[in-house]
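Results of the structural survey
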Amino acid sequence: MSATTLERLERLLALVPWLLANPGARLADLAERFDAGVDEIAADLDTLGFCGVPGYGGGDLIEVALSGGRVTVRMAEYFRRPLRLSREEVLPLLVAARALADVVDPSQARALRSACATLASALGLTDEGLTVDLDAPGQAWLGTLAEAVSARRVLTLRYRAADAAEERERDVEPWALLAAEGHWYLRAHCRLAGDRRDFRVDRIREATLTDVPVAAPPPGADAEPVRYTPSAADPRITLDLDPRAWWLLDAVPVDEVAPVADGRQRRVTLPARSEAWAAELVASLAGAATVVAPASLARRVATLAEEALSPYRPASPPGPDRV
């Protein structure tokens, strides 16, 4: 099974102390213990050989030995010592945990609040001495959304999508609350669309919890990263990108990429949520993308550019009848 970068990092952090406590473990046992393939564990062990503490000399790096299918880790004794954090390091963790405790599943919230109380006591803080106030758009709905996910009940949302001109009401079957790129998202099955959707919480205008029960979400419903999922009905656009915009190829779904004749650009065809969304995307690239098709998109981009530049144009000189 494949793993995301975060999943692999979590596995690496767990591997080292486990191997220190279980020297000579077999590679196959490691694969079973950490629910990964033997090749994945072998690649993780190879990566560990480049990890260590600053200095990064021979005595600072983790040393991994594999002999006869058995694994031994040396030069990582600093993992045996209890973690010691300064007050300045603990306080941000406490603030983040206190904020998260209000939106996670109630069973997880209890454990998180208990850990927060332990940290606060170590810092000499009381509940009156620490206040977490995250006044962000959509923050008011997080409690309702978390309850809907936990109770498995239908939510009625009034929501305005990024590319929509007006709000729409829809019933959704909540699956998970996810955080990505600085935003909260509700992942749910949308009955209006008949498919899975990720709703950005700050675009929710109203959320009402109903008494209608729903089935459990499908396995791994919270594992896939938040991203735009194109459909066959979405418009396709074609752009010529210069090297400054090649990062876009890794950031959005792409249908086709081909070099342009001069070799200094790439022609890319990709799906778009809407033409309005595509126009804002091209305008944000600040000249690093040229619209090839459709022509209506090029006109939209030109209009956006004119609207952005108009406040900076010099005022017309007064005419003969103006003073």
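Overview of the structure. (Residues numbered from 1 in each chain as written. Predicted model: local features only at pLDDT ≥ 70, side-chain atom pairs only at ≥ 80, totals over all residues. Heavy atoms only, no water.)

The subject of this paragraph is helix H8 (residues 275-284). Of the positions making up H8, those classed as buried are Trp277, Ala278, Ala279, Leu281 and Val282. Elements in contact with the buried residues of H8: strand S9 (236-241), helix H7 (248-251), strand S11 (266-271), strand S12 (289-293) and helix H9 (295-309). Just downstream of H8 lies Ala286, where phi reads positive at about 50°. (Buried < 20%, exposed > 50% of the residue type's maximum accessible area, 1.4 Å probe, protein only. Helix = DSSP H or I, 4+ residues; strand = E, 2+ residues; numbered from the N terminus. Contact = heavy atoms within 4.5 Å.)

What follows covers the sheet that holds strand S2 (residues 63-67). One key point about sheets: their strands pair by backbone hydrogen bonds, in either a parallel or an antiparallel sense. Overall, antiparallel pairing links the 3 strands, which are arranged S1-S3-S2 in an open sheet. With one partner strand each, in any of the chains shown, strand S1 (25-26) and S2 form the two edges of the open sheet. Sheet analysis places S1 next to strand S3 (residues 70-74), joined by 2 bridges and oriented antiparallel. The residue of S3 that forms the bridge with Ala25 is Val71. (Pairing = 2+ DSSP bridges.)

Strand order across the open sheet formed by 5 strands is S7-S6-S5-S4-S8, with antiparallel pairing between neighbours. Unpaired on one side and paired on the other, strand S7 (195-200) and strand S8 (204-213) mark the two borders of the sheet. Each strand axis lies, on average, 45° off the axis of its neighbour in the sheet, ignoring direction. Note: strand S6 (residues 183-190) against S7, 6 bridges, orientation antiparallel. When the sheet's bridge partners are listed, Ala188 is paired in S7 with Arg197. (Axes fitted to C-alpha atoms, helices over the stretch in contact; angles between N-to-C directions.)

This brings us to the packing of H8 against H9. Put simply, H8 and H9 touch, their axes get as near as 9 Å, and they point 55° apart. With respect to each other, H8 and H9 are oriented oblique. Where H8 crosses over H9, the two elements pack in a sense that is right-handed. Across the interface between the two elements, Glu275, Ala276, Ala278, Ala279, Glu280, Val282 and Ala283 of H8 pack against Ser296, Leu297, Arg300, Val301 and Leu304 of H9. (Parallel < 35°, antiparallel > 145°, perpendicular 65-115°, else oblique. Left-handed = near helix turned anticlockwise from the far one by under 90°.)

One finds Ile237, Leu239, Leu241, Leu285 and Leu297 to be the most contacted residues of the largest nonpolar core, which totals 20 residues. At the level of elements, S9, S11, H8, S12 and H9 are the ones that each hand at least two residues to this core. Among the elements that make up this core, the one with the highest residue count is H8 (5 residues). Sequence-distant contacts of Leu297, defined by excluding residues within four places in its chain, comprise Ile237, Leu239, Glu275, Ala278, Ala279 and Val291. (Core = buried A, V, L, I, M, F, W, Y, C linked by side-chain atoms within 4.5 Å.)

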